[in-house]
Amino acid sequence: MNIRKTIGKLFPSKAYKYLFNSFGYHFYKIDKRPIHLKESKACSPELERCGMMLVTIAYNDENLIAKQIEMVRKHVKDPNYQLIIIDNSPNKTKRKKIQTICKECQIEYIPIPYSFRQKFCKFFRWGGMSHGLALNWAFYHVLCQKNPKRIALLDHDIFPIKDCNLTERLGGLDFFGVPRKRDKYWYLWPGWSLFNFDAIVDRYPNFQPYSTKTTYLDSGGGNYFKIYHNYAINTIPFPSVKTHRLKKTKGLSTWNDVYHSDCIQFIDECWLHVINGSNYCHLAGKDNTIRKIVDNINLFEE
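Residues numbered from 1 in each chain as written. Predicted model: local features only at pLDDT ≥ 70, side-chain atom pairs only at ≥ 80, totals over all residues. Heavy atoms only, no water.

Section: the sheet that holds strand β12 (residues 271-273)
The antiparallel open sheet is built from four strands, whose spatial order is β5-β12-β11-β10. Sheet topology places β5 (158-160) and β10 (241-245) at the edges, where each strand pairs with a single neighbour. Across the sheet, the axes of successive neighbouring strands diverge by a mean angle of 20°, strand direction being ignored. Relative to β12, β5 is paired through three bridges, and the arrangement is antiparallel. Across the sheet, Phe 159 pairs through a bridge with Leu 272, a residue of β12. (Pairing = 2+ DSSP bridges. Helix = DSSP H or I, 4+ residues; strand = E, 2+ residues; numbered from the N terminus. Axes fitted to C-alpha atoms, helices over the stretch in contact; angles between N-to-C directions.)

This is how it looks when you write it as structure tokens:
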């Protein structure tokens, strides 16, 4: 059964968008209860604040997490940083494997309680919504408690391949990262984005995607209305992003298919993005491509 076609027959476009946006906003309101912000300021005194907290959203792939931990330890040179893994995996076996890796590597592991929100997103194939809700959960349930000075949000399929200092890269900016522009809207892709925590926490950020009347804003898009609408995009510095196609797979009719199947990216000249590391659409040959890149990532360091 094609779930998308079935849903399309049952719900008109406007009703479907309303369901999508309302679902995300409902959990956003739950997660951002003000009590979390009040507690955060009491539990992390200024002298104990982490200088740069790297936050990875894990999803059903322990190999990517293991490689990311290895590469972060090798190349991230911030003097006071911490890597934490927030696990959004729906697969219980994968969760156990990711937890084991984090324990062995002495990396803090925090699982998101598997509940109705993940099941609903999985049923409707709302990958972007699942990611956005995971980021919201991590922000309000974890980061507002830890109260770091700066945060870096990372996908599980992105790896540093050269020495880098994220604290220096952010500098005095409120945020820095890879932009996504959709019609009149723009936002940072939360797979690689840096934030001054104090500059955004009181704006109650919302990382969920959002469907407007004319376009779809993927995960992180909700922050256009919370953060980015106050900034002119032509005044904001962004990192370099170079996208390369690895091969020409037959049967790919749209750029979106090509991007998720055959491409990798180099971000800020220091980070390798495998793209679609979870292979959530089960594209043929993608898993083998991911494994080859991860197993030979040293070639990209040269």
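The discussion continues.
Regarding the side chain of Asp 155
With respect to the helices, strands and loops of the structure, Asp 155 is situated in strand β4 (residues 150-155). Buried within the structure, Asp 155 lacks any salt-bridge partner; Arg 180 is the closest side chain of opposite charge, at an N-O distance of 7.4 Å. Residues in contact with Asp 155, not counting those within four places in the same chain, are Thr 56, Gln 68, His 131, Trp 189, Gly 191 and His 273. (Buried < 20%, exposed > 50% of the residue type's maximum accessible area, 1.4 Å probe, protein only. Lys, Arg positive; Asp, Glu negative; His and termini not counted. Salt bridge = Lys/Arg side-chain N within 4 Å of Asp/Glu carboxyl O. Contact = heavy atoms within 4.5 Å.)

What to know about the environment of Asp 268
Residue position: Asp 268 is located in the loop between β11 (263-267) and β12. The spatial distance from the C-alpha of Asp 268 to the C-alpha of Pro 239 is 4.9 Å, given a sequence separation of 29 residues. Dropping the residues within four chain positions of it, Asp 268 is found in contact with Arg 169, Phe 176, Trp 192, Pro 239 and Ser 240. Side chain to side chain, Asp 268 and Arg 169 meet in a polar contact 2.7 Å long. (Polar contact = N/O pair within 3.5 Å; in protein donor to acceptor, adjacent residues only side chain to side chain.)

A short note on the pairing of β4
With five of six residues buried, β4 is to be regarded as a mostly interior element. Bridge count between strand β1 (residues 52-58) and β4: five bridges; the pairing is parallel. Its bridge partner being in β4, Thr 56 is matched across the sheet by Leu 154.

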